[in-house]
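Coordinate inspection notes
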Amino acid sequence: MSQDARTGAALLGTTLHQVFEDRVRQAPDAVALRFGTEQMSYDLLNQRANRLAWFLRERRLPAEGLVAVSMERSPDLIVAMLAVLKAGGAYVPVEPSAPQELIRRVLEATRPFAVLTHESQRARLADAVGSPLVCLDSDAAQIARQPTGPLLTRVGPRDLACVFFTSGSSGPPKGSFIEHRNLLTALRGWLEVFGFTPADRHLQTTTFEFDVFTGDWLRALGSGGTLVLAERNFTLDRTAGVEELHALVSAERITVMETSTLLGRRLSAYLLASRAGLGDVRLLMVGAAKWYLDEHLRLQEHLGDRVRVVNTYGVAEAAIDNTYFEVSMLRGPAPDHPGRISIIGKPFPGTEITVVDAAGAAVPAGQPGEIRIGGPAVGRGYLVGGKPPPDGLPAELSVQLPVQRPASRSGADIAPRHHYTGDIGVIRQDGLLEYVGRVEDGRTLEEACQRARLEAVIREHPRVSDCVVANLARDGGAPGLAAYVVPADPDGAFDAGPVFSIADGLDAVVPLPALPRTRAGKIDLSRLPLPAPRESLSAPAGAGWAGSRKGAAGTSLKGSGPAGVYYGSGSGCLRMLITVPGCVILLIFFGLVALLWTMGH
């Protein structure tokens, strides 16, 4: 059966490497991979992966054995991942440019059977893990002696394919175990919605450790297209400018690309300012963080109808992409205040999305609740004690798994899996899913919705280029909400008055030169600086907020010291005074007033 004919259950009944091998048989001489001036055919890529797979088999890689892959950007990355799959193992992406502490944590948590790398990384990795190192360059002679033919393995769709570590935006990164059928569910959805063909050229720009990297190569090689692996890491390398990315898109005649929200914003600003297009690109996906509708509308209008601009939403625990939204899905004119909402649309085929309450029951349209993902895209669970959870046993409360082990490995579901994302969504009256925000730090859904509402209102103000609202009590302080804002004019004096006037319930405004972010580009709440205590600011008498003088810009992005701050005097600020000493003072004050009133009457 050709890959073009594989849809639905037929696609889910195979494995990732078998899908790739189908493409090799159909067009062995087609270009599979480009990297700078290098290029590799499907047949050559398959042979190289087969040799490395035999090498791993010779060293007795067990079924579902974890193999870490950690090397700089090169075609060897794709060879290594395919080889692990062909040998019956599951790959663990480890970005070599990551901090040593993160590398060590991932390797200690997974305890891989081996680490595939390059000689240039040997010393660093040997210090982080006790597993054997296989260097694809210095061990090339031994690997080259292996057969080029395929291995016979008993790998099935329910076997592990890889381990995705979460971005760490809401706690330490966790290893999520993903099976072949999970990723093939994603491929099925992409093929049906986006109609990839062998003529497509897919650009890969993101960091190896993130799940989107796997999505890029799977979309390309699973549809017979060409994967163009960028030599620069445009996600993390801040020296890689968007003008360089734009030039690469044009030179490589890219037709499909996905960017993080942060990179997408930078690219959009460049295109709008230079009045440039995107060459042959027909599909641009933007995801990984909240992308507002006004940004989406502006970019779509600039690029025109020839380019499908898509806002994608998904989680690593459920195979990368779970919903998608295009402007064409809107019924009628755009909503009022598009800068205050983020629409993530509808689920990809094969994925079930439900907005639920705390008891797991679906909530009515228009009511916020937690986004729950169901279906064969949901992975097996999180890493437990250095081992993957066995199929059928629960790994963590946020992932509900079948209680019995399936009798068949055919890929058919015995019982459904559901992943509770911690994200808040609303099913709109038009049936589209709106993304609200996340429930962080054990806060309630109502508090999270309030923070999201304030963020949306503040970011729409022309004097603010970016913002996040956080609870001041996250470190045990007095309750209250602070808006951390990046002024639109970084060199001018910042006036917090307009922010307080539009954001009811806000207690403090903290101007920052930039918001702290994780390696994935998401806002890192744990690194927001604590505001300077209110008592340390000398506001003039009668000032409703400390904005009659310019507060010192927050210079600490590690939470190591207080940041400059403007305090409000509205209802939100009042909450900050209701501490134990404050309550005593208020009781004494009102007691004296009552006593004097009684004596006067």
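These notes cover the structure that comes with them. (Residues numbered from 1 in each chain as written. Predicted model: local features only at pLDDT ≥ 70, side-chain atom pairs only at ≥ 80, totals over all residues. Heavy atoms only, no water.)

Remarks on the overall build of the protein chain
Per the secondary structure count, the protein chain includes 16 helices and 25 strands. The buried share of the protein chain, taken over its 601 residues, is 56%. Pairs at least 24 apart in sequence give 67% of the contacts found in the protein chain among residues at least 6 apart. Surface accessibility of the protein chain: about 24,900 Å² in total, with carbon and sulfur atoms responsible for 56%. (Helix = DSSP H or I, 4+ residues; strand = E, 2+ residues; numbered from the N terminus. Buried < 20%, exposed > 50% of the residue type's maximum accessible area, 1.4 Å probe, protein only. Contact = heavy atoms within 4.5 Å. Areas by Shrake-Rupley, 256 points an atom, 1.4 Å probe, with all protein chains shown as cover.)

Topic: the packing of helix α2 (residues 16-26) against helix α8 (residues 180-194)
Between α2 and α8, whose axes approach to 9 Å, the crossing angle comes to 50°. As summarised for this structure, α2 and α8 are arranged oblique, according to the angle between their axes. Contact with α2, carried on its side by Leu16, His17 and Val19, involves His180, Leu183, Leu184 and Leu187 of α8 and no other residues of that element. Grouping the constituent residues of the contact of α2 with α8 by class yields five nonpolar, two polar and no charged. (Axes fitted to C-alpha atoms, helices over the stretch in contact; angles between N-to-C directions. Parallel < 35°, antiparallel > 145°, perpendicular 65-115°, else oblique. Nonpolar A, V, L, I, M, F, W, Y, C, P; charged D, E, K, R; others polar.)

Brief notes about the packing of aromatic side chains
One pass over the full model with this rule turns up seven aromatic pairs. Ring geometry for phenylalanine 20 against tyrosine 42: centres 5.8 Å apart, planes inclined by 25°, an arrangement best described as stacked. Of this pair, phenylalanine 20 sits in helix α2 while tyrosine 42 sits in helix α3 (residues 42-58), and the two are 22 residues apart along the sequence. For phenylalanine 20, a relative accessible area of 1% translates into the label buried. When its relative accessible area of 1% is taken as the criterion, tyrosine 42 is described as buried. Here phenylalanine 194 and phenylalanine 196 contribute two aromatic rings whose centre-to-centre distance is 5.8 Å and whose plane-to-plane angle is 45°, an arrangement assigned as tilted. Given a relative accessible area of 7%, phenylalanine 196 falls into the buried group. (Phe/Tyr/Trp six-rings, centres within 6.5 Å; stacked < 30°, edge-to-face > 60°.)

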